[in-house]
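Fold and contact review
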Amino acid sequence: MRGWMGKFRSLFLFSTLALILSGCGEENLSALKPKGYSAELLLDLMLISIAIMIFVFVIVMAIYVYVLVRYRKKKGQEDIIPKQTEGNKALEVIWTVIPIILLLVLAVPTVQATFDLADQSTQGDEGVLTVEVTGNQYWWHFNYRGEEIATSQELYIPTGERVYLDMKASDVLHSFWLPAIAGKMDTLPGENINTMYLEAYEEGVYWGHCTELCGPSHSLMDFRVIAVSPEKYDQWLEDMKNVDPEAQPETTTAQEGQELFNNNCMSCHAIGGASMGVGPNLTNFGNREKIAGILDPTKENLVDWIVHPDEIKPGNKMPANIVEPEEAEKIADYLLQLEHSSVGVDAPTQTEE
Ligand code: HEC
Ligand SMILES: [Cu+2]
């Protein structure tokens, strides 16, 4: 038993690992299924390096096996020592030149891609969108430059166009990672703005994560990028600009909720405009795919969040128990009806994790 297990232990280990890791290929959250320009560029680089690695591995293994078989000790020839070679010019040239060529094959596209990804030549041009991104513990703010609107947790972009992101952080280091569309970029506190661009090929809801350990709820700092056709994007922009932040909701509970919200929550949250407070801008909250970036947008979840956000995202900056649960119900009615645009993605969005 012991020997049998020993023999197959590493096989077990690796096949289990492979099984677990195969769960990482979630649609719209995978660098291996690129849906945008930068992601495709990065996947190409990965494939080139994997191809080179396989090539080197195969050659080295072939030589290794050949030598093993060819020069093993054979019966009756125990005393024979094969011819010893020292300093073979041809061989040494070969094993110097081949790696140089391989490194060049790797380096040229890598350097090219590095410059390509850092390109900002069209930023600020007529009709080119720049979004100012701010990473906060544990949420994201998106300010659409020149448009006087903002969203949080969910960024809307038009497909087929470059959208520049000017990124910073308000508190500690964060990192914006959107594997299916682009790579990742750190966001820094202070004056340093990091810029990257997104170009989505097709409509979709793409998932992103913060990838810089930023506190106890770092793993819950999710966001989404919603890519829609340019026509839909324009419509969405129009809808957002026409929001009346003081509009009265239809039902009486929602009206009471609005008043409760204005009295208890407005010190941190904005509705309408582009401002970023201590908390997220909630202008289009009713259109959200998720609450606080992670919860399904049901009333129950929203009430839970309003009453004890600390239990859902430990260490976040929204205080618990500002209002009673009955009041939270009314506020939830108010917030969930803040649907200002019917613009969305046609394709079915991805399923639950
Ligand atoms: C002291 C500031 C502060 C106050 C007051 C406050 N919040 Fe928040 N709120 C936050 C912060 C910070 C977050 C982001 C938490 C996170 O995701 O890490 C947040 C997140 C939220 C979210 C999730 C938003 C999203 O983007 O999905 C909702 C909904 C919300 N708050 C509702 C309320 C309501 C309702 C009240 C009043 C009862 C309130 N907040 C009072 C700071 C505050
Ligand atoms: Cu983080």
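Residues numbered from 1 in each chain as written. Chains lettered and ligands numbered in written order. Predicted model: local features only at pLDDT ≥ 70, side-chain atom pairs only at ≥ 80, totals over all residues. Heavy atoms only, no water.

Looking at an unreviewed UniProt entry, one finds the protein named Cytochrome c oxidase subunit 2, with Halobacillus locisalis as its source organism. Recorded in UniProt for the protein, the comment headed Function (unreviewed entry) runs: "Subunits I and II form the functional core of the enzyme complex. Electrons originating in cytochrome c are transferred via heme a and Cu(A) to the binuclear center formed by heme a3 and Cu(B)." Per UniProt, the protein has the following entry under Catalytic activity (unreviewed entry): "4 Fe(II)-[cytochrome c] + O2 + 8 H(+)(in) = 4 Fe(III)-[cytochrome c] + 2 H2O + 4 H(+)(out)". (UniProt positions renumbered as here; feature names shortened; annotations may be inferred.)

Here we take up the packing of helix α6 (residues 299-307) against helix α8 (residues 325-336). Running from amino to carboxyl end, α6 crosses α8 at an angle of 125 degrees, the nearest separation of the two axes being 9 Å. One finds that α6 runs oblique with respect to α8. Two packed elements cross with a definite hand, and for α6 against α8 that hand is right-handed. Contacts from Lys 299, Leu 302, Val 303, Ile 306 and Val 307 in α6 reach Pro 325, Ala 328, Glu 329, Ile 331, Ala 332, Asp 333, Leu 335 and Leu 336 in α8. Its residues assigned to classes, the contact of α6 with α8 comprises 10 nonpolar, no polar and three charged. (Axes fitted to C-alpha atoms, helices over the stretch in contact; angles between N-to-C directions. Helix = DSSP H or I, 4+ residues; strand = E, 2+ residues; numbered from the N terminus. Parallel < 35°, antiparallel > 145°, perpendicular 65-115°, else oblique. Left-handed = near helix turned anticlockwise from the far one by under 90°. Contact = heavy atoms within 4.5 Å. Nonpolar A, V, L, I, M, F, W, Y, C, P; charged D, E, K, R; others polar.)

Side chains carrying opposite charge are able to pair once their charged atoms draw close together. Applying the stated criterion across every chain yields a total of 11 salt bridges. In this structure, the salt-bridge partner of Glu 256 is Lys 330, at a minimum N-O distance of 2.8 Å. You can see Glu 256 sitting in helix α5 (residues 252-264) and its partner Lys 330 sitting in helix α8, a full 74 residues away along the chain. Taken together, the salt bridges that share partners define one network made up of Glu 132, Arg 145 and Asp 166. (Salt bridge = Lys/Arg side-chain N within 4 Å of Asp/Glu carboxyl O.)

Turning our attention to the coordination of the iron atom of ligand 1. At the metal site, the iron atom of ligand 1 is ligated by His 269 (NE2) and Met 318 (SD), and these contacts range over 1.9 to 2.2 Å. Between the six donor atoms coordinating the iron atom of ligand 1, the angles at the centre fall across 85 to 178 degrees, so the site counts as octahedral. Taken together, the residues span a long stretch of sequence, with His 269 in the loop between α5 and α6 and Met 318 in the loop between α7 (309-312) and α8 at a distance of 49 residues. Residue His 269 shares its accessibility class with Met 318, and that shared class is buried. (Donors = N, O, S within 2.8 Å, 3.2 Å for Na, K, Ca; no water. Tetrahedral: all angles 85-135°; square planar, octahedral: opposite > 155°, others 65-115°. Buried < 20%, exposed > 50% of the residue type's maximum accessible area, 1.4 Å probe, protein only.)

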